[in-house]
Amino acid sequence: MITHLKLAAAVVVASMLAVSNPAHAAKDTIVLGMPLEPPHLDPTAGAAAAIDEVVYANVFEGLTRINRNGEVLPALAESWEISEDGKTYTFKLHSGVKFHDGTTFDAEDVKFSLDRARSDDSTNAQKKLFAAIESVEVVDPSTVKITLSSAAGNFLFNLGWGDAVIVAPESADTNKENPVGTGPFKFSDWVQGSSVELVRNDDYWGEPVALSKATIRFIPDASAAIAALQSGDVDAYPNISAPESIPAFQADPRFTVVIGSTEGETILSTNNKRPPFDNIKVRQAIAHTLDRQAIIDGAMFGLGTPIGTHFAPHHPAYVTETIDTYPKDLEKAKALLKEAGLADGFKAKLHLPPPTYARRGGEIIASQLREIGIDLEVIPVEWKQWLEGPFKGDYDLTIVSHTEPMDIGIYADPDYYFQYDSPEFQAVIDKLNETTDEAARYELLGEAQKIVSRDAVNGFLFELAKAGVWNAKLKGLWENVPVQANDLTEVMWTE
Amino acid sequence: MSGPSQSAELDDWGWPAFARRALRSRSFVIGAAIALLVLAIGILSFFWTPYDVTRLVVADRLQSPSSQHWFGTDHFGRDILSMIMVGARNSIAVALVAVGIGMGIGVPLGTWAAAKRGWADDVLMRFNDLIFAFPALLSAVMITAIFGPGIFNAIIAIGIFNIPVFARLSRGAALGFWTREFILAARVAGKGKTRITIEHILPNISNLLIVQGTIQFSLGILAEAGLSYVGLGAQPPQPSWGRMLNEAQTMMSFAPHMAIFPGLAIIITVLGLNMMGDGLRDILDPRLKREN
């Protein structure tokens with residue numbers, strides 16, 4: 001009996017020591033929460049942001065990479081030279097780089113990856129990133145020469161996208177289930193419907209990462225995500241979808257709350273081909289009716305920056321004046337509807353995908369447009385239905401946040417789901433694509449922004465903010481989202 | 001409780017007798033008062049609500065209960081009292097039509113099976129068992145998932161799962177009567193089965209049906225709230241108690257009034273209907289009361 005007591009006492013003392021002295025076992029694992037589960041894990045074969053949010057910079061790397069500030073940094077290419085005419089890029093590759101399956105990375109893999117991405121049967125979601133490439137040549141195992149058909153000002157940035165990562169021919173076909181890249185983390189396990197597990201790649205060519213293991217859990221329900229953070233089941237939730245929960249986290253010293261910017265232009269997408277929205281007066285009337293601040297306050301609890309065009313307001317080339325192209329003016333809106341022959345208003349459908357900004361924003365917009373007689377039927381849809389319906393052009397109005405960086409070029413595609421066909425705008429984008437000089441590019445970007453703002457192509461609402469909540473002892477997570485990513489390479493525990 | 005009342009066809013079932021007994025049953029009086037109040041509020045909402053529930057005034061959002069907004073406002077600045085009033089209308093409408101579908105189809109099927117017996121009875125009742133085997137709410141979720149969310153499909157879904165309840169009840173109750181002497185007398189007199197069912201069986205089982213109807217009505221209100229909570233019931237901008245609860249759940253910590261009032265509305269309505277059902281059972285079936 002006495003020995004039992006002694007043993008029990010010893011256990012108690014030992015456990016108390018363990019609790020009071022955590023430094024001996026510094027934590028090097030993290031559980032990160034995300035709202036959406038990716039459909040698969042190959043960033044070169046899918047548009048879903050969730051894919052990049054798991055694997056970008058962690059599992060896969062490209063020739064260049066985009067860092068937390070949106071700058072282009074060398075990645076698998078240690079340096080590059082650009083010819084005078086801006087058409088030839090010669091990349092010097094890092095040596096001693098291995099894929100996670102042990103195969104060696106060299107210039108052949110770069111050629112394979114880029115040719116695969118731009119081939120006719122490619123399933124790459126961003127083929128336009130590679131449109132300028134004319135040929136990819138292997139000079140020697142550590143040198144690649146890329147020739148462009150015309151100078152492309154954004155080329156190095158484009159190569160930093162998740163869609164442009166380098167994959168190996170041996171594993172390219174199985175990356176969807178078992179991603180094999182060159183990054184500092186290796187894919188270890190995927191429990192469908194629950195989580196993906198990444199482990200440290202001890203053979204990594206670059207700076208080793210601090211974390212030994214990262215578990216990425218998928219928690220679609222906002223209240224479940226809040227509970228998981230509160231209970232400590234999840235260490236970080238970089239993009240929390242319930243903005244109303246932020247004040248409680250801010251008041252709690254256990255958490256760090258970071259309100260960052262994203263590249264997400266949240267817009268009331270409009271079918272520019274379908275009557276009556278093909279009439280610019282109708283679109284202008286809608287623009288005059290939208291109260292952006294009310295939408296931001298009501299749907300996002302004040303998180304978000306109003307925008308007047310399809311461009312990130314934190315970008316230096318943003319044209320601030322576009323916010324006043326169509327100031328809120330109900331009388332003018334009604335007059336415009338009358339000029340369009342719709343004095344009594346009309347009925348239309350508003351499809352809303354699942355995110356908070358869409359579902360809540362949609363209710364507010366429906367209420368606002370009712371003031372000028374536009375009666376919107378609100379139709380909530382799942383992402384799958386949204387991609388098969390509105391995104392293929394079958395819709396009147398919908399709300400979506402376009403989170404790709406620098407994506408104003410989508411307005412130049414008349415087949416894109418806005419169905420906006422403006423030769424004037426297309427000419428500006430063509431010129432932009434051939435311009436490499438920064439000042440000239442900004443000029444053209446400004447022109448492009450003004451055109452889509454003037455034409456009221458879509459209802460421009462606000463730039464999505466990113467509210468990240470994580471354990472106060474964690475550091476190294478991204479504040480902003482210049483590209484879709486949860487870069488874990490600099491993440492560590494401070495104690 | 002499915003046993004028929006012996007005295008049913010003998011008692012005087014005039015209104016005065018009913019009223020006398022009704023007023024003596026406390027649970028009936030309280031329950032009926034609550035149910036009538038909810039009904040009155042629902043009807044009133046057609047003509048008047050303190051505020052327009054389709055107009056969002058974001059500047060007034062998340063206000064606590066006050067003299068302007070008795071139940072406070074939600075995250076869009078809508079008046080919660082007004083939303084509960086319109087929500088009552090939706091809940092009642094859904095439950096009423098759903099019970100109507102259940103009774104309208106279930107009772108004819110059940111009494112027909114009781115009159116016919118044999119294979120028709122077997123087939124019908126096994127089919128009933130089949131529907132019964134599914135948890136009703138789960139199946140309602142399935143139906144609305146297939147045919148799309150919306151108040152109409154919610155009504156159909158809840159209604160379908162009311163059919164076997166009434167079919168089974170009316171069959172069981174009717175069977176007991178088919179062996180009784182006054183029915184035999186009617187048959188000897190040459191009346192057909194359909195006529196007997198309408199003239200003699202239905203009046204005798206109506207008490208049971210009313211009691212069951214009240215209970216199914218409260219279950220219907222719960223089902224509508226459940227479907228709306230998961231987003232399969234009434235769609236915005238139509239207010240619904242279930243969706244109000246859903247919207248409130250991430251705001252519980254700083255705006256508890258958003259959840260408390262619709263929650264209370266559901267609890268009180270269901271409680272009232274159940275009390276009314278219990279009371280009705282006691283009043284309409286005196287034999288049962290004596291035995292209990």
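Criteria and cut-off values
In this convention, every chain numbers its residues from 1, walking through the sequence in written order. Lettering for chains starts from A, numbering for ligands starts from 1, and both go in the order in which the items are written. Residues qualify for local features only when their pLDDT is at least 70, as the model is predicted, and side-chain atom pairs are given and counted only at 80 or more; totals for whole chains, interfaces and linings, by contrast, use all residues. Comment: elements are numbered from the N terminus, with helices defined as DSSP H or I runs of at least four residues and strands as E runs of at least two. Residue burial is a threshold on neighbouring C-beta atoms within 10 Å of the residue's own C-beta, all placed from the backbone, with 20 or more meaning buried, 12 or fewer meaning exposed, and counts in between meaning partly exposed. In this description, a residue-residue contact is defined by the distance between C-beta atoms placed from the backbone, which must lie within 7 Å. Only C-alpha atoms enter the radius of gyration; for comparison, a globular chain is expected to reach 2.2 Å times N to the power 0.38, where N is the number of residues. Pairing between two strands is assigned when DSSP locates at least 2 bridges connecting them. Each residue carries a pLDDT score, the predictor's confidence in it, ranging from 0 to 100. Where each domain begins and ends is defined by an automated method or by a domain database. Throughout this entry, Asp, Glu, Lys and Arg are counted as charged residues, while Ala, Val, Leu, Ile, Met, Phe, Trp, Tyr, Cys and Pro are counted as nonpolar. The remaining residues, Gly among them, count as polar. Between the N-to-C directions of two axes lies an angle of 0 to 180 degrees, each axis being a line fitted to C-alpha atoms and, for a helix, fitted only over the stretch in contact. Crossings are assigned a handedness: left-handed for a near helix turned anticlockwise from the far helix by less than a right angle, right-handed for a clockwise turn. Regarding the arc, it is the one traced by the directions from the helix axis to the C-beta atoms. Angle categories: roughly parallel below 35 degrees, roughly antiparallel above 145, roughly perpendicular from 65 to 115, and oblique for all the rest. Multiply 1.5 Å by the residue count of a helix minus one, and that product is the helix's expected span.

1. Things to note about the overall build of chain B
Moving on, step 1. For chain B, the count of helices and strands is 12 helices and zero strands.
Moving on, step 2. Starting at the N terminus and walking to the C terminus, you meet the elements of chain B as α-α-α-α-α-α-α-α-α-α-α-α.
Moving on, step 3. For chain B, the proportion of its 292 residues judged to be buried stands at 45%.
Moving on, step 4. Once local pairs closer than 6 in sequence are excluded, the contacts in chain B between residues at least 24 apart make up 73%.

2. Some words on the overall build of chain A
Moving on, step 1. Secondary structure summary: chain A contains 13 helices and 19 strands in total.
Moving on, step 2. The globule rule puts the C-alpha radius of gyration for 495 residues at 23 Å, and the 25 Å found for chain A is close to it.
Moving on, step 3. For chain A, the spread of C-alpha atoms along the three principal axes comes to 95 × 65 × 35 Å.
Moving on, step 4. Here chain A, with 495 residues, has 46% of them falling under the buried criterion.
Moving on, step 5. Look at the contacts in chain A between residues 6 or more apart in sequence, and 70% of them connect residues 24 or more apart.

3. Side note on the pairing of strand 4 (residues 77-82) of chain A
Residue and element names in this part refer to chain A.
Moving on, step 1. Note that strand 4 and strand 5 (residues 88-93) share five bridges and pair antiparallel. The residue bridging W80 from the neighbouring strand is F91, located in strand 5.
Moving on, step 2. Remark: five residues form the turn of the hairpin made by strand 4 and strand 5, two consecutive strands paired antiparallel; G86 in that turn has positive phi of roughly 75°.

4. Description of the confidence of the model for chain A
Moving on, step 1. Mean pLDDT over chain A: 91, with 95% of residues reaching 70 or higher.
Moving on, step 2. Confidence drops under a pLDDT of 50 for residues 15-24 of chain A, and excluding neighbours within four residues, the segment shows one contact in the predicted structure.

5. A short note on the domain arrangement of chain A
All names here are of chain A.
Moving on, step 1. Domain boundaries assigned for chain A yield domain 1 (59-172), domain 2 (178-261 + 466-493) and domain 3 (264-465).
Moving on, step 2. Look at where the C-alpha atoms of domain 1 and domain 2 centre, and you get two points 27 Å apart.
Moving on, step 3. Looking at the side of domain 1 that touches domain 2, its residues break down into 12 nonpolar, seven polar and four charged.

6. Focus on the confidence of the model for chain B
Residue and element names in this part refer to chain B.
Moving on, step 1. For chain B, per-residue confidence averages 86 on the pLDDT scale, and 92% of positions sit at 70 or higher.
Moving on, step 2. When pLDDT is averaged over each element of chain B, helix 2 (residues 26-47) comes out on top at 93 and helix 12 (residues 286-291) at the bottom at 49.
Moving on, step 3. This stretch, residues 1-10, has a pLDDT under 50; its non-local contacts, to residues over four places away or in other chains, come to 22 contacts.
Moving on, step 4. For this predicted complex, the interface confidence comes out at an ipTM of 0.76, alongside a pTM of 0.79.

7. A look at the packing of helix 3 (residues 80-116) of chain B against helix 7 (residues 163-178) of chain B
All names here are of chain B.
Moving on, step 1. Orientation of helix 3 relative to helix 7, taken along the N-to-C sense of each, is 35°, at an axis distance of 7 Å. The element helix 3 and its partner helix 7 pack so that their crossing is right-handed. Between helix 3 and helix 7, the residues in contact are G102, M103, I105, G106, V107, L109, G110, T111, A113 and A114 and I163, P164, V165, F166, A167, R168, L169, S170, R171, A174, L175 and W178, respectively.
Moving on, step 2. A breakdown of the residues in the contact of helix 3 with helix 7 according to their chemical character gives 15 nonpolar, five polar and two charged.

8. Some remarks on unusual backbone geometry
Moving on, step 1. Residue P276 of chain A follows P275 of chain A across a cis peptide bond; omega there is 0°.
Moving on, step 2. Relative to the assigned elements, P276 of chain A resides in the loop between strand 12 (255-270) and helix 7 (280-289).
Moving on, step 3. The peptide bond linking P236 of chain B to P237 of chain B adopts the cis configuration, its omega dihedral lying at 5°.
Moving on, step 4. Mapped onto the elements, P237 of chain B comes out in the loop between helix 9 (193-229) and helix 10 (241-248).
Moving on, step 5. Not every positive phi belongs to a glycine, and L62 of chain B is a case in point at roughly 55°.
Moving on, step 6. Note on L62 of chain B: 19 C-beta atoms within 10 Å, which makes it partly exposed.
Moving on, step 7. Although it is not a glycine, R117 of chain B sits at a positive phi angle of roughly 55°.

9. Here's the deal with the interface of chain A and chain B
Moving on, step 1. Listed per partner, the contact involves 18 residues of chain A and 16 residues of chain B.
Moving on, step 2. At the level of secondary structure, the elements contributing two or more residues to the side of chain A that touches chain B comprise helix 5 (222-231), helix 6 (246-250), helix 8 (292-300), helix 10 (356-370) and strand 15 (374-380) of chain A.
Moving on, step 3. Top element by residues in the side of chain A that touches chain B is helix 10 of chain A. It accounts for five residues.
Moving on, step 4. In the side of chain A that touches chain B, the residues fall into 10 nonpolar, four polar and four charged.

10. Things to note about the sheet that holds strand 6 (residues 133-140) of chain A
Residues and elements named next belong to chain A.
Moving on, step 1. Spatially, the four strands line up as an open sheet ordered 4-5-7-6, and their pairing is antiparallel. Two strands bound the open sheet, and with one partner strand each, they are strand 4 and strand 6. Looking at each pair of strands side by side, their axes are set apart by 20° on average, direction ignored.
Moving on, step 2. Pairing between strand 6 and strand 7 (residues 143-148): six bridges, direction antiparallel. Within strand 7, the position partnered with D140 by the bridge is T143.

11. Brief notes about helix 5 of chain A
Residues and elements named next belong to chain A.
Moving on, step 1. Turning to helix 5, its buried residues are A225, I226 and L229. The buried residues of helix 5 occupy one face: seen down the axis, they fall within an arc of 100°.
Moving on, step 2. Elements that come into contact with the buried residues of helix 5 comprise strand 1 (29-34), strand 11 (236-237) and strand 17 (459-471).
Moving on, step 3. Just past helix 5, the residue G232 takes up positive phi, approximately 85°.

12. Details of the packing of helix 9 of chain B against helix 10 of chain B
Residues and elements named next belong to chain B.
Moving on, step 1. Their axes nearest at 6 Å, the elements helix 9 and helix 10 cross at an angle of 40°. Relative to helix 10, the element helix 9 lies oblique. Crossing angle aside, the handedness with which helix 9 passes helix 10 is right-handed. In this structure, helix 9 uses E224, A225, G226, L227, S228 and Y229 to contact helix 10, whose residues at the interface are W241, G242, R243, L245 and N246.
Moving on, step 2. Within the contact of helix 9 with helix 10, the residues separate by chemical class into five nonpolar, four polar and two charged.

13. Let's talk about the environment of L130 of chain B
Moving on, step 1. Examined against the element boundaries, L130 of chain B turns out to sit in helix 4 (residues 118-133).
Moving on, step 2. Sequence separation between L130 of chain B and A113 of chain B is 17 residues; the distance between their C-alpha atoms is 16 Å.

14. Comments concerning helix 7 of chain B
Residue and element names in this part refer to chain B.
Moving on, step 1. In this model, helix 7 (16 residues) spans 22 Å end to end at C-alpha, consistent with the 22 Å of a helix rising 1.5 Å per residue.
Moving on, step 2. When you tally the buried positions in helix 7, you get 12 out of 16 residues, the bulk of the element.
Moving on, step 3. Of the positions making up helix 7, those classed as buried are I163, P164, V165, F166, A167, R168, L169, S170, R171, A173, A174 and F177.
Moving on, step 4. If you follow the buried residues of helix 7, they end up packed against helix 3, helix 4, helix 6 (151-160), helix 8 (181-188) and helix 9.

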